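Okay, here's what each chain looks like letter by letter:
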Amino acid sequence: MSTIDSADVVIVGGGIVGISTAYYLAKKGIKSMVIERDTVGSHASGFAYGSLGALGGPGIPGPGLAVAVKGVHLHHQLAQELPERAGINIEYRDRPSLSLVFTKQDSEAAKNSLHWIQSQPDYAVKWIDQSSLQEIEPRISDEAIGAIHVNGTADVEPYRLVLALTQASESIGVTIRHGHITGLVGTHSKVKGVTLDSNDTISCEYVVFAMGPWSGEASPWLGIDISVQPLKGQILRLRAPGAPYQYSISWGDNYATTKPDGMVWAGTTEEDVGFDENPTPEARDKIMASLLRVLPALKDSELVRQTACLRPLSADRLMLLGKVPGWEGAYMATGAGRQGIVLGPAMGQITANLITKGQTSIPIEAFDPGRFSK
């Protein structure tokens, strides 16, 4: 038998974006309901690397920069707020980074990017040559001919962050409900509610679709093309001999650092394999081969855990963020790809501002959720 419940705002998805939206709405006095079909933080938001910086990624430099900068600032605020509100250490820490280069061509490209990067506030950025790199971290392979050295970056433990946001949100009125959304109630002119697979209906004035790589399920409900697909990524956690690495080290699409749990986290892959979330030996071997080329001292490491997750990637690699065209009360916040953790709080705050104020100070025109239908 179906039942009818109600909420001012229903948020579909319990990842970093959905929970952040609920948190910032609650801080404005709006009590929302988050619908999650599994458990909060059980997909990409709970298994990401957690590096925080605004100096790279799709749309940077460009329309993504302002959102990333806001995301970094909000993470700093959350690091002060959440331990007190939720009693959870989210393991936020300042973490300098090294972006390695291995060829003369890549070296020239890196140096050419310095002017733009050095113009960004809150960061101290410089080029270091091979000898300086070896002084900083002698365990890096001498195949690396230099690096961009950045002070001002940070990292966080993503699952702890989502868990803390969830508990803090619940303490100020947010409801977390298990369920699977199967449809939207209303017309193109007005949202009236959502239906669940349990045949329950939840009436509401606003719906936020923060469904990650599953966002395409909402296409027939909204009547627009939501071109978001899963991008699989895998990470290894290694028990390594020797001193912890003091930098977040990256090269190409890969990275490694020692996390507060004492493990070296290393990744990642970019796999177009649909909704398969299973770790694979092929990814393990690929990550290890790349890692040992750059950090050969890790050859005696013990593999403790391998994780895999699906990130939401749009057709043009930019977010879908803002009001759904043709609807009153429908909003979308998804498609952050590999930048989900750093962008998530900003996407949530922007969405909360759109709902409560009807506007946001950050330009989001480039992220129009209806752009793939035009």
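Residues numbered from 1 in each chain as written. Predicted model: local features only at pLDDT ≥ 70, side-chain atom pairs only at ≥ 80, totals over all residues. Heavy atoms only, no water.

A.B. asks: Honestly, the overall build of the chain in this entry has me stumped. Any pointers?
C.D. replies: Broken down by element type, the chain carries nine helices and 21 strands. Overall size of the chain, expressed as C-alpha extent along the three principal axes, is 65 × 40 × 40 Å. Each of the 374 residues in the chain was classed as buried or not, and the buried ones make up 55%. The contacts in the chain between residues at least 6 apart in sequence include a share of 73% that link residues at least 24 apart. Surface accessibility of the chain: about 15600 Å² in total, with carbon and sulfur atoms responsible for 50%. Where the 32 positive side-chain charges of the chain centre and where its 39 negative ones centre are 3 Å apart. (Helix = DSSP H or I, 4+ residues; strand = E, 2+ residues; numbered from the N terminus. Buried < 20%, exposed > 50% of the residue type's maximum accessible area, 1.4 Å probe, protein only. Contact = heavy atoms within 4.5 Å. Areas by Shrake-Rupley, 256 points an atom, 1.4 Å probe, with all protein chains shown as cover. Lys, Arg positive; Asp, Glu negative; His and termini not counted. Charge placed at Lys NZ, Arg CZ, Asp CG, Glu CD.)

A.B. asks: How should the sheet that holds strand 14 (residues 206–209) be read in this particular structure?
C.D. replies: Backbone-to-backbone hydrogen bonds join strands into a sheet, with any given pair of strands oriented parallel or antiparallel. Reading across from one edge, 10-3-2-14-21-20 is the order of the six strands in this open sheet, with mixed pairing throughout. Looking along the sheet, the strands with just one partner apiece sit at the ends: strand 10 (175–178) and strand 20 (320–323). The average angle at which neighbouring strand axes cross in this sheet is 20°, direction not considered. Bridge count for strand 2 (residues 9–12) against strand 14 is four bridges, and the pairing is parallel. Note on strand 14: the bridge partner recorded for Val10 is Val207. (Pairing = 2+ DSSP bridges. Axes fitted to C-alpha atoms, helices over the stretch in contact; angles between N-to-C directions.)

A.B. asks: In this structure, what is going on with the sheet that holds strand 19 (residues 302–314)? I would like to understand it.
C.D. replies: Strand order in the open sheet formed by eight strands is 7-8-6-16-17-18-15-19, with mixed pairing between adjacent strands. Looking at which strands have only one partner, the edges of the open sheet turn out to be strand 7 (124–129) and strand 19. Mean inter-strand twist for the sheet, computed between neighbouring axes without regard to direction, equals 20°. In this structure, strand 7 lies alongside strand 8 (residues 146–151), joined through six bridges in antiparallel fashion.

A.B. asks: What should I look at first to understand the nonpolar core in this one?
C.D. replies: Soluble, globular proteins show a tendency: their nonpolar side chains are buried together. Counting residues in each nonpolar core, the largest one holds 64 residues, and the members touching the most others are Val67, Leu82 and Met347. Contributing elements (two or more residues each) for this core: strand 2, helix 1 (16–27), helix 3 (65–86), helix 4 (104–118), strand 8, helix 6 (158–171), strand 21 (330–334) and helix 9 (340–357). Residues contacting Val67, with those up to four places away along its chain left out, are Met319, Leu343, Ala346, Met347, Ile350, Ile362 and Phe367. With 26 residues, the next largest nonpolar core counts Val10, Val194, Leu320 and Met332 among its residues. (Core = buried A, V, L, I, M, F, W, Y, C linked by side-chain atoms within 4.5 Å.)

A.B. asks: Teacher, can you tell me more about the pairing of strand 11 (residues 181–187) here?
C.D. replies: Both faces of the sheet carry side chains from a regular strand, because those side chains alternate between them. Of the pairings in the sheet, the one linking strand 11 to strand 12 (residues 190–196) comprises six bridges and is antiparallel in character. If you follow Ile181 over to strand 12, its bridge partner there is Leu196. Linkage of strand 11 to strand 12, two consecutive antiparallel strands, is achieved through a turn of two residues.

A.B. asks: I'm lost on the packing of aromatic side chains in this one. Help?
C.D. replies: Applying the stated rule across the entire model yields five aromatic pairs. With a centroid separation of 5.3 Å and 70° between ring planes, the pair formed by Tyr23 and Tyr24 is classed as edge-to-face. Considered together, Tyr23 and Tyr24 belong to a single accessibility category, that of buried residues. A ring pair is formed by Tyr206 and Tyr331, whose centres lie 6.4 Å apart and whose planes are at 40°; its orientation type is tilted. Here the residue Tyr206 occupies a position in strand 14, and Tyr331 occupies one in strand 21, the gap between them amounting to 125 residues. Above the face of the Trp265 ring, Lys259 is positioned so that its terminal group lies 4.9 Å from the ring centre. Here Arg293 stacks its cationic end above the ring of Phe102, 4.4 Å away from the centre of that ring. (Phe/Tyr/Trp six-rings, centres within 6.5 Å; stacked < 30°, edge-to-face > 60°. Lys NZ or Arg CZ within 6 Å of the ring centre and 35° of its normal.)

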